[in-house]
Amino acid sequence: NIQILKTMKKILLPILFLLLSAGTYAQQTLTVEGKITGFPEGTVFMLLIPQDDMGMAPAGSAAVSADGTFTLQAPVATTGKLTLFTGDPEAGSAYFKEFYGAPGATVRITGDHWAPQSWRVESDIHEQAEMNRFEDAIRPVGYEREKILFRMNEISANLETTPGEG
């Protein structure tokens, strides 16, 4: 019986150590540093983290300063895709930028325009580097799409305000 207890002790202690280490790891904080121009001072950015069956949940928020900077922090348990969100529900505007975050990481998001296609995410996270390569490859197509949608909205607004013949 003593031999069994010694063997169990040898097995259980490392497992306990791993569980405690994992718990500490899960408590690490992701830091998002941003500088995005084009938003008024006080605009609030929120970090959204995916939930199992519940969509996205807010994990942190920060207001933009006069120079467009903000910093927000949130605990994250694993490396994964997150979303930076801001918008004005009353005006019907919403701006989203997906990026990869990880426990203990610092992510920098910069942009010189309110359109998320112009925002750039930099970090040491491998998945983010791959996402940046993909976004760089499709960026010209995205700008063309945005121009077409903007023109369609202009035409639609003109049709609504121009009296028809009839």
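Preceding this paragraph is the structure being described.
Within every chain, residues take consecutive numbers counted from 1 along the sequence as written. Per-residue local features of the predicted model are confined to residues with pLDDT of at least 70, and side-chain atom pairs are confined, for both listing and counting, to 80 or more; whole-chain, interface and lining totals are unaffected and use all residues. Note: side-chain values were computed over all heavy atoms of the structure, leaving out hydrogens and water.

1. Observations regarding the environment of Ile 125
Right, so step 1: What counts as a helix is a DSSP run of H or I of at least four residues, what counts as a strand is a run of E of at least two, and both are numbered from the N terminus. The topology assignment puts Ile 125 in the loop between β8 (120-122) and α2 (126-161).
Right, so step 2: Here the term buried applies to any residue with accessible area under 20% of the maximum for its type, exposed to any over 50%, and partly exposed to those in between, with areas from a 1.4 Å probe on protein chains only. On the accessibility criterion, Ile 125 (9% relative accessible area) is buried.
Right, so step 3: Sequence separation between Ile 125 and Phe 99 is 26 residues; the distance between their C-alpha atoms is 9.9 Å.
Right, so step 4: A contact between two residues is defined here by any heavy atoms of the two lying within 4.5 Å. Look past the residues within four positions of Ile 125 in its chain and what remains in contact with it is Thr 79, Tyr 100, Gly 101, Ala 102, Ala 105 and Val 107.

2. Comments concerning a nonpolar patch on the surface
Right, so step 1: Patches here are clusters of residues that have more than 30% relative accessible area and form no salt bridge, with a 9 Å joining cutoff for like charges and a 5 Å cutoff for nonpolar side chains (Val, Leu, Ile, Met, Phe, Trp, Tyr). Here, Shrake-Rupley sampling with a 1.4 Å probe gives the accessible areas, and only protein chains in the shown set may cover a residue. Salt-bridge detection follows one rule: a side-chain nitrogen of Lys or Arg within 4 Å of a carboxyl oxygen of Asp or Glu. Taken together, the side chains of Ile 148, Leu 149 and Met 152 define a hydrophobic patch exposed on the protein surface, amounting to about 270 Å² of accessible area.
Right, so step 2: Inspection of the secondary structure puts Ile 148 in helix α2.

3. Side note on the sheet that holds β8
Right, so step 1: Two strands qualify as a pair provided DSSP detects at least 2 bridges between them. What the 4 strands build is an open sheet, ordered β4-β1-β7-β8; its pairing is mixed. Each end of this open sheet is capped by a strand with a single partner; those strands are β4 (69-75) and β8. Taken over all neighbouring pairs, the strand axes of this sheet differ in orientation by 20 degrees on average, direction set aside.
Right, so step 2: Bridge analysis of strand β1 (residues 29-36) against β4 gives 7 bridges, and the strand direction is antiparallel. Across the sheet, residue Val 32 finds its bridge partner in β4, namely Leu 72. Where helices are involved, their axes are fitted lines through C-alpha atoms of the stretch in contact, as for all axes, and angles between N-to-C directions lie from 0 to 180°.

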